[in-house]
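Structural overview for review
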Amino acid sequence: GRMWENDPTVGWWRSQTINHINKINQKHQHEKVDPQQRISRDQYIEELHRSVVCTSPFGKGEICYRDFEAFITGSVLVKPSMDHILTFPDLYIKNSTYIAHQWDFNEFQQQIREILARPKSYEKVTLNAQKRLSDLLTKNDSFINQLEGLLQ
């Protein structure tokens, strides 16, 4: 078993995501992925570079490494809506840097199918995310200013 299967909150988000991906797989055999297949870290990054979409369910918190890996590799990040939290820097801008799905997964499958059917129309999302992340890492005055403001 996996560690997350013993955590009811993490387990719910992950199992819902896997169930919906499996339903997409049943209808679209040519886009089939195995959301539970174990692969090495290098294989994972290589696959993410080739992937159109990266789903990122909540874990112990809302934000996880996978989000940044999706931003860096240019995969469209699809995750539950982050509207309930403020982050600094604000990397989570709905339909601009990531695609938000409803917490009840109502439109999740349709959103994934839409992205897979028209990946070119979602390139702007990945470019926006990459630019925001790049700006954060290279133009860090705003981060320093924010930190100084909090410390004062």
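Structure: above.
Now for a look at the structure at hand.

Criteria and thresholds
- Residues numbered from 1 in each chain as written.
- Predicted model: local features only at pLDDT ≥ 70, side-chain atom pairs only at ≥ 80, totals over all residues.
- Heavy atoms only, no water.
- Helix = DSSP H or I, 4+ residues; strand = E, 2+ residues; numbered from the N terminus.
- Buried < 20%, exposed > 50% of the residue type's maximum accessible area, 1.4 Å probe, protein only.
- Core = buried A, V, L, I, M, F, W, Y, C linked by side-chain atoms within 4.5 Å.
- Contact = heavy atoms within 4.5 Å.
- Salt bridge = Lys/Arg side-chain N within 4 Å of Asp/Glu carboxyl O.
- Pairing = 2+ DSSP bridges.
- Axes fitted to C-alpha atoms, helices over the stretch in contact; angles between N-to-C directions.

**Some words on the environment of Phe88**
Among the structural elements, Phe88 can be located in the loop between strand 2 (76-80) and strand 3 (99-101). The exposure class of Phe88 is partly exposed, given its relative accessible area of 41%. As a C-alpha pair, Phe88 and Leu136 span 48 residues in sequence and 9.7 Å in three-dimensional space.

**Thoughts on the nonpolar core**
In this structure, Phe71, Val76, Val78, Tyr92, Ile99 and Ile115 are the most contacted members of the largest nonpolar core, which totals 26 residues. When residues of this core are traced back to their parent elements, those giving at least two are helix 1 (8-27), strand 1 (53-55), helix 3 (65-73), strand 2, strand 3, helix 4 (108-117) and helix 5 (123-138). Ignoring anything within four residues of it in the chain, the contact list for Phe71 reads Leu77, Leu91, Tyr92, Thr97, Ala129, Gln130 and Leu133.

**A closer look at the pattern of salt bridges**
In this structure the tally under the stated criterion is seven salt bridges. For Arg50, the salt bridge goes to Glu46, with nearest N and O atoms at 3.2 Å. Residue Arg50 and its partner Glu46 are located together in helix 2 (residues 41-50), separated by four residues, close to a single helical turn. As a salt-bridge pair, Glu114 and Arg118 come within 2.5 Å of each other at their nearest N and O atoms. Of the residues examined, Glu114 reaches a relative accessible area of 26% and is grouped as partly exposed. Residue classification places Arg118 among the partly exposed positions, given a relative accessible area of 45%.

**Considerations on the sheet that holds strand 1**
Strands sit in the order 1-2-3 across an open sheet of three strands; the sheet is parallel. Bordering the open sheet on either side are strand 1 and strand 3, each of which pairs with just one other strand. Sheet twist, expressed as the mean angle between neighbouring strand axes with direction ignored, is 25°. Of the pairings in the sheet, the one linking strand 2 to strand 3 comprises three bridges and is parallel in character. Residue pairing for strand 3: Lys79 is matched across the bridge by Ala100. The strands that helix 3 touches are strand 1 and strand 2; relative to strand 2, the one it contacts most, it runs at about 155°.

Taken by themselves, the reported measurements are silent on function.
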